[in-house]
Amino acid sequence: MYRSIEQIFKKWKDDPNRLPIILRGARQVGKSYIIEKFGSEHFENQVTINFDFRPELSLYFENLDPVQIVSKLETVLNKRIIPGKTLLFFDEIQNCPKAIQSLRYFKEKMNQLHVMAAGSLLEFVIHEEHFSFPVGRVQSLYLKPLSFREYLQSLHEESIIKYIDILSWEHPFDEIIHEKLLQYVRQYFLTGGMPAVVRSFLEKKSFLECQQILKTLLETYRSDFSKYASKTQYKYLQVFFEKAPGLVGQHFKFSHIDPELRSRELKIALEQLEWAGLLHRIIATSASGIPLQTHIKENKIKLLFLDIGLMNCGQKIDIESIWNTNLTHLNVGIQAEQFVGQELLSYEDVYSKPHLYFWTREKQGSLAEVDYVIQSGTKIFPVEVKAGTTGRLKSLAQFIKEKKSPFGIRISQHPLSYHDQILSIPFYMIDQIHRLASSLL
């Protein structure tokens, strides 16, 4: 299964000034798989230390000297670790904080050795009060569920991808390809981008089988709660996680979870679910300049779930309702808004933790809201998902007027077009937003 991050791995391998890599992201997004695939394809051999399976190996990291660490690992594993030829992979590295700290010395003392690490619950270690992360000596990369583009690549639709890459609003679209791509979008709404689910669908073409895997994944995440929550906090995580799939697209308030529960504890639960990568916060911004983060309103947020397949499974959405319904009408656009947010995150820079923003205006007698606000180059653009409602197009127009944005972006199931300062982009072209926007400037 191809992942675009592999191209970054290849450049890293050949860079003499490379840093050890920590691949971060939620559990089950494919971190271990993609590193081991890369290692098997580009190195003479790879040595994997999984601290879940071999916790006793943590003892070798009490001394942070990489020369001694490698020597001991070679002896106990009976495997050679050769700089320039071996990929050394530390998996579930959050279970050995000393191994995280040792990475800085691999950079300083054994830079010829290629070292990669991955950890699903890494954020909980990093946020511990006395933990010292090796800033500047480690390169963090962020892996997410498969994007729609990666999904198409998994389907071996290279010719369609090439078509998307050159499609312009100035030229007529192909209606047959358009409809085929919308069918693939519907498929993705049901499967989502979790690797195990996509792999199952590719092999068995069964949405019911996918639903079983999604249920298992949700249970896996619930079972993880005991690893990072006290008994008291556990119940708040359970309640929050159960309610979260139904809260996507709404202005979030802690009372939406349960008005009887303390907001202080729910705030901690939200933070922990974010650290686990299960939820993502969309923050309101005034969009008064760049970067957008300098103009945020932290008390106004919306939530995004890790994956649309997981979200629909968590809500117990009927498969047939998604397959046969207009994509923008599902649950008042919740699925569409989740899909677009998930796609926007997928194409963000993998070297930093991505952020999402929305815009709201609440002046008396003049309410307006735009689902997402993005920065492309030096310009700010409003992005609306729930296409076809006049009110929302008014919000785009209001944003364009107030913020002097060159144009607005509407994402829907309609073909690519540009009219009256609205760039209309179909769901399957979200990865092309920056190219299309720059072509109009």
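Residues numbered from 1 in each chain as written. Predicted model: local features only at pLDDT ≥ 70, side-chain atom pairs only at ≥ 80, totals over all residues. Heavy atoms only, no water.

This brings us to the pattern of salt bridges. Taken as a whole and assessed by the stated rule, the structure comprises 24 salt bridges. Asp 224 is paired through a salt bridge with Arg 27; the nearest N and O atoms lie 2.7 Å apart. With Asp 224 in helix α10 (residues 207-228) and Arg 27 in the loop between β1 (21-24) and α2 (31-42), this residue pair connects regions lying 197 residues apart in the sequence. Side by side, Asp 224 and Arg 27 carry an identical accessibility label, which is buried. (Salt bridge = Lys/Arg side-chain N within 4 Å of Asp/Glu carboxyl O. Helix = DSSP H or I, 4+ residues; strand = E, 2+ residues; numbered from the N terminus. Buried < 20%, exposed > 50% of the residue type's maximum accessible area, 1.4 Å probe, protein only.)

Our focus in this paragraph is the sheet that holds strand β10 (residues 372-376). Strand order in the open sheet formed by 5 strands is β10-β11-β12-β14-β13, and the pairing between neighbours is mixed. The open sheet terminates on both sides in strands that have one partner only, identified here as β10 and β13 (417-419). Shown here is a sheet whose adjacent strand axes are inclined to one another by a mean of 25°, direction ignored. Examined bridge by bridge, β10 and strand β11 (residues 379-384) share 5 bridges and lie antiparallel to one another. Counterpart to Tyr 372 in the pairing with β11 is Val 383. Lying on the sheet, helix α15 (residues 334-346) is in contact with β10 and β12 (408-412); it crosses β10 at an angle near 25°. (Pairing = 2+ DSSP bridges. Axes fitted to C-alpha atoms, helices over the stretch in contact; angles between N-to-C directions. Contact = heavy atoms within 4.5 Å.)

What follows deals with the packing of helix α8 (residues 175-191) against α10. With their axes 9 Å apart at the nearest point, α8 and α10 run at an angle of 35° to one another. Counted together, Gln 187, Leu 190 and Thr 191 of α8 and Phe 207, Cys 210, Gln 211 and Leu 214 of α10 form the full contact between these two elements. For the contact of α8 with α10, the class distribution of residues is 4 nonpolar, 3 polar and no charged. (Nonpolar A, V, L, I, M, F, W, Y, C, P; charged D, E, K, R; others polar.)

Here we come to the packing of aromatic side chains. The description of an aromatic ring pair rests on the distance of the ring centres and on the angle between the ring planes. By the definition in use, this model includes 27 aromatic pairs. When the ring of Phe 9 is compared with that of Phe 38, the centres are 5.3 Å apart and the planes differ by 55°; the resulting orientation is tilted. Placement of Phe 9 in helix α1 (residues 5-14) and of Phe 38 in helix α2 is noted, with a sequence separation of 29 residues between them. Using a relative accessible area of 0% as the deciding quantity, one classes Phe 9 as buried. (Phe/Tyr/Trp six-rings, centres within 6.5 Å; stacked < 30°, edge-to-face > 60°.)

Let us now look at the sheet that holds strand β3 (residues 86-91). Here we have 5 strands laid out as an open sheet, ordered β2-β3-β4-β1-β5, and parallel in their pairing. Whereas interior strands pair on both sides, the edge strands pair on one side only; in this sheet they are β2 (45-50) and β5 (139-142). On average, each strand axis in the sheet is tilted by 20° relative to the strand beside it, whichever way the strands run. Looking at chain direction, β3 and strand β4 (residues 114-119) are connected through 4 bridges and run parallel. Each residue of the ladder has a partner; that of Phe 90, found in β4, is Ala 117. The strands that α1 touches are β1, β3, β4 and β5; relative to β4, the one it contacts most, it runs at about 150°.

So, on to the side chain of Gln 94. Of note, Gln 94 is situated in the loop between β3 and α4 (97-109). For Gln 94, a relative accessible area of 9% corresponds to the buried category. At 2.7 Å, the side chain of Gln 94 forms a polar contact with the side chain of Glu 92. With residues near it in sequence (within four places) discarded, Gln 94 still touches Ile 100, Ala 118, Gly 119, Ser 120, Leu 121, Leu 122 and Val 125. (Polar contact = N/O pair within 3.5 Å; in protein donor to acceptor, adjacent residues only side chain to side chain.)

With that out of the way, let us pick up the packing of α1 against α2. Working note: a packed helix pair is described by the angle between its axes plus the distance between those axes. Close contact between α1 and α2 brings their axes to 11 Å; oriented N to C, the two are set at 50°. Considering the angle they form, α1 stands oblique to α2. Here α1 and α2 pass one another in a crossing that is right-handed. Residue-level inspection shows Ile 5, Glu 6, Phe 9, Lys 10, Trp 12 and Lys 13 of α1 in contact with α2, the latter providing Ile 34, Ile 35, Lys 37, Phe 38, Glu 41 and His 42. In the contact of α1 with α2, the residues fall into 6 nonpolar, 1 polar and 5 charged. (Parallel < 35°, antiparallel > 145°, perpendicular 65-115°, else oblique. Left-handed = near helix turned anticlockwise from the far one by under 90°.)

Take Phe 89: it is sitting in strand β3. Excluding residues that lie within four positions of it along the chain, Phe 89 makes contacts with Ser 32, Ile 35, Glu 36, Val 47, Thr 48, Ile 49, Met 116, Ala 117 and Ala 118.

Moving on, we come to the side chain of Ser 346. Here Ser 346 lies in helix α15. With a relative accessible area of 17%, Ser 346 lands in the buried category. Discounting residues that sit within four places of it in the chain, Ser 346 has contacts with Lys 144, Pro 145 and Ser 147.

Our next topic: α4. Residues spaced three or four apart along an α-helix face the same direction, because each turn holds 3.6 residues. The end-to-end C-alpha separation of α4 is 19 Å, in line with the 18 Å expected for 13 residues at 1.5 Å each. Most pronounced at Leu 103, the bend in α4 amounts to some 25°. Within the span of α4, buried status applies to Ala 99, Ile 100, Gln 101, Ser 102, Leu 103 and Phe 106. For α4, the elements touching its buried residues are β1, α3 (66-77), β3, β4 and α5 (122-126). (Expected span 1.5 Å × (residues − 1). Bend = angle between axes of the 7 residues up to and from the residue.)

Turning to the state of the cysteines, a few remarks are in order. Applying the stated criterion across every chain yields a total of 0 disulfides. Free of any disulfide, Cys 210 has its nearest neighbouring cysteine sulfur in Cys 313, separated by 11 Å. (Disulfide = S-S within 2.5 Å.)

In this model, helix α12 (residues 263-275) (13 residues) spans 18 Å end to end at C-alpha, consistent with the 18 Å of a helix rising 1.5 Å per residue. Residues Glu 265, Leu 266, Ala 269, Leu 270, Gln 272, Leu 273, Glu 274 and Trp 275 constitute the buried set of α12. The inward-facing, buried residues of α12 contact α5, α10, α11 (231-243), β6 (279-285) and β7 (296-305). A positive backbone phi angle near 80° is found at Gly 277, which sits one or two residues after α12.

For the rest of this paragraph, the subject is unusual backbone geometry. That bond from Ile 290 to Pro 291 is cis: its omega, -5°, falls within 30 degrees of zero. Positive phi values are uncommon outside glycine, yet Glu 92 reaches one of about 50°. As for its position among the elements, Glu 92 is in the loop between β3 and α4. Classification of Glu 92 by relative accessible area gives buried; the value is 9%.

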